[in-house]
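The chain contents come next:
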Amino acid sequence: MHIGRISSFQSLGTVDGPGVRYVVFMQGCNLRCKCCHNPETWDMHGGSEYTTEEVMKRVERCKSYFGKEGGVTVSGGEPLLQAKFVTRLFQLCKQSGISTCLDTSGCIINDDVKELLCYTDTVLLDYKSTNAKDYKNFCGMDMQAADDFLSLLDKMHIDTYLRQVVIKGFTDSDKNAKRLFEIASAHECVKKTELLPFRKMCVSKYDKLGIPFPLKDTEETPADVIERLYALKYK
Ligand code: SF4
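Treat the numbers as computed from the prediction; the structure is a model and nothing was measured. (Residues numbered from 1 in each chain as written. Predicted model: local features only at pLDDT ≥ 70, side-chain atom pairs only at ≥ 80, totals over all residues. Heavy atoms only, no water.)

A.B. asks: Please provide a residue-by-residue account of the pattern of salt bridges, values included.
C.D. replies: Per the stated rule, a full pass over the model turns up 13 salt bridges. Lys 94 is the partner of Asp 121 in a salt bridge, and the nearest nitrogen-oxygen pair spans 2.7 Å. Linking Asp 121 in the loop between helix H3 (111–117) and strand S6 (122–126) with Lys 94 in helix H2 (residues 83–95), this pair joins segments that are 27 residues apart in sequence. You can call Asp 121 partly exposed: its relative accessible area is 29%. Among the ionic contacts, a cluster of salt bridges with common partners joins Arg 163, Lys 192 and Glu 194. (Salt bridge = Lys/Arg side-chain N within 4 Å of Asp/Glu carboxyl O. Helix = DSSP H or I, 4+ residues; strand = E, 2+ residues; numbered from the N terminus. Buried < 20%, exposed > 50% of the residue type's maximum accessible area, 1.4 Å probe, protein only.)

Here it is in structure tokens:
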């Protein structure tokens, strides 16, 4: 029996991969990204335990909403920390004809993760910055690890959405966006590049946890900035 530690579930998500998706937020994260929306997932001992079968029962109840494109997305937290559990869950999804999507920072490559990728249809790769120094300062992870993960996805021909949160004074420059689009076009696996506006809806979560939110004074990202950066893709 496979048991995983899960923070929460979202029945019908529309922003976590293709189509309508059942989203599982795994508990535990080894990073501390300054813009993190889910600080409640950080604690490796938080959340609640579920078996893969229990999660599948929840998924099956939503199956009729998935349509052709939708399915299950496992997010977090960092799903790679519980790779064996997610692998089993994805195997069960595949047996039921349900598509699988993994939302990750790409921080770990090991045999368990490689096995998990064999059952993953789409990866949402959270690529924090295109500058190595900023990357490390922002989340504590080496950019090289994300690059290695992206190369692995390319090698394994796994559809990838390259995602980045656009934050004022950090990732809102033309230079950064152009580099991101270059990285995307250099990898055949990348089917989409998504620029996500920085939002502060998570502030109340930080207050509740008694954790300072590092970006509390940073402005939310207006739609016109996102539009300006997307336009660079075609220049
Ligand atoms: S990897 Fe995700 S869950 Fe972990 S700190 Fe960063 S944004 Fe938060």
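Resuming the write-up.
A.B. asks: Just give me the short version of unusual backbone geometry, but keep the residues and values in it.
C.D. replies: Here the amide bond leading from Gly 76 into Gly 77 is cis, since omega sits at 10°, within 30 degrees of zero. Along the polypeptide, Gly 77 turns up in the loop between strand S4 (71–75) and H2. Even without being a glycine, His 157 presents a positive backbone phi close to 55°. Checked against the element boundaries, His 157 lands in the loop between helix H5 (143–155) and strand S7 (159–166).

A.B. asks: Give me the state of the cysteines: which residues, what numbers.
C.D. replies: Here a disulfide denotes one covalent bond, and it connects the sulfur atoms of two cysteines. Under the criterion given, the structure shown has 0 disulfides. Unpaired in terms of disulfides, Cys 35 finds its nearest cysteine sulfur in Cys 33, a separation of 6.0 Å. In this model Cys 139 remains outside any disulfide bridge; the closest cysteine sulfur is found in Cys 33, 4.7 Å from its own. (Disulfide = S-S within 2.5 Å.)

A.B. asks: Let's hear about the packing of aromatic side chains: which residues, and what values?
C.D. replies: The final tally for this structure, using the stated rule, is 7 aromatic pairs. Residues Trp 42 and Tyr 206 carry aromatic rings whose centres are separated by 6.1 Å and whose planes lie at 80° to one another, so their mutual orientation is edge-to-face. Pair noted here: Trp 42 is in the loop between strand S2 (21–26) and strand S3 (48–51) and Tyr 206 is in helix H7 (residues 203–209), with a separation of 164 residues, a long-range link. The burial state of Trp 42 is the same as that of Tyr 206; both residues are buried. The rings of Trp 42, Phe 198, Tyr 206 and Phe 213 are connected pair by pair, giving a single aromatic cluster. (Phe/Tyr/Trp six-rings, centres within 6.5 Å; stacked < 30°, edge-to-face > 60°.)

The values reported here are purely geometric and, on their own, carry no functional implication.
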